[in-house]
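Given next are the chains, with one letter for each unit.
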Amino acid sequence: MIEIRIPEEKINEIDKKLQKVQEKTPNELKKVVNASAKEARKELAKEVQKRYATKKYNAKGIREQISIENATVGKVEATLKAKGEATELGDFKVSNMTPGTRKMVRAKVLRSGGMERLYDAFVVRFKSGHVAVVERAHGKYMRAAKKKNKHWEKLEKKLSPSVPQMIGQAYDKGDVDLQQTLYKKLEEHIGAVLGGTK
């Protein structure tokens, strides 16, 4: 969860700038925060796509996983919430997604990294037709297991970060400056109000 809010000292500064039209201040602050939240959602989605080698989501797809709880006149802060479960490794860059081949599976999650060899992983097609990168769960066996050897061990899908985790990483690394986005929107709105265009 990411919150976008205007610090108290900034509100006081805005009040001074908007003295002539002070009755507009609460509504303008709400507009600014909501506009900043939308811009932040767009920037976060772009940063995730730039950072991660995901095939499943484009920037629009990532944006759709982020909801916005808008600011109001009484509560001048907006909240961004991301949803989504862990993503399968096969939804990222994988060297070989053909089931049944003996080729070494190599994969990467971050675009900046190299392809990593996954010595215990292989690609399977399930009865449903779904293709995934899996590995054997050592010591865990299928219900129908006739023998307790590796051929009867359960298969577990290799998972990668969820959309919320990817967004959290982009935010924590400081690649998206939400405060700068907010202040830019503030200046734009204040200028528009004082210029009489709103």
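Residues numbered from 1 in each chain as written. Predicted model: local features only at pLDDT ≥ 70, side-chain atom pairs only at ≥ 80, totals over all residues. Heavy atoms only, no water.

Caption draft 1: Local environment of the pattern of salt bridges. Evaluation of the coordinates by the stated rule reveals seven salt bridges. Lys-81 is paired through a salt bridge with Glu-69; the nearest N and O atoms lie 3.8 Å apart. Of the two residues, Lys-81 sits in strand S3 (residues 77–82) while Glu-69 sits in strand S2 (residues 66–69), which places them 12 residues apart along the sequence. Residue classification places Lys-81 among the partly exposed positions, given a relative accessible area of 37%. With a relative accessible area of 39%, Glu-69 lands in the partly exposed category. As a salt-bridge pair, Glu-88 and Lys-157 come within 3.2 Å of each other at their nearest N and O atoms. You can see Glu-88 sitting in strand S4 (residues 87–88) and its partner Lys-157 sitting in strand S10 (residues 153–157), a full 69 residues away along the chain. By relative accessible area, Lys-157 is classed as partly exposed at 38%. Three or more residues are tied together by salt bridges with common partners; here these are Glu-69, Lys-75 and Lys-81. (Salt bridge = Lys/Arg side-chain N within 4 Å of Asp/Glu carboxyl O. Helix = DSSP H or I, 4+ residues; strand = E, 2+ residues; numbered from the N terminus. Buried < 20%, exposed > 50% of the residue type's maximum accessible area, 1.4 Å probe, protein only.)

Caption draft 2: Fine view of the sheet that holds strand S7 (residues 116–118). Taken in spatial order, the three strands make up an open sheet running S5-S6-S7, and their pairing is antiparallel. Because the sheet does not close on itself, it has two edges, and the strands there are strand S5 (93–94) and S7. In this structure, strand S6 (residues 105–108) lies alongside S7, joined through three bridges in antiparallel fashion. By the bridge assignment, Val-105 is partnered in S7 with Leu-118. (Pairing = 2+ DSSP bridges.)

Caption draft 3: Just the nonpolar core, in detail. One finds Val-48, Ile-62, Leu-80, Val-163, Met-166 and Ile-167 to be the most contacted residues of the largest nonpolar core, which totals 23 residues. The dominant element in this core, judged by the number of residues it contributes, is helix H2 (residues 25–51), at eight residues. Filtering out sequence-adjacent residues up to four positions away, Val-48 remains in contact with Ile-62, Met-166, Ile-167 and Ala-170. (Core = buried A, V, L, I, M, F, W, Y, C linked by side-chain atoms within 4.5 Å. Contact = heavy atoms within 4.5 Å.)

Caption draft 4: Molecular detail of the side chain of Asn-96. Within the secondary structure layout, Asn-96 lies in the loop between S5 and S6. Relative accessible area serves as the criterion here: at 9%, Asn-96 is assigned to the buried category. Within the structure, Asn-96 has its side chain in polar contact with the backbone nitrogen of Thr-98 (distance 3.1 Å). When residues no more than four places from it in sequence are discounted, the contact partners of Asn-96 are Thr-101, Lys-103 and Val-123. (Polar contact = N/O pair within 3.5 Å; in protein donor to acceptor, adjacent residues only side chain to side chain.)

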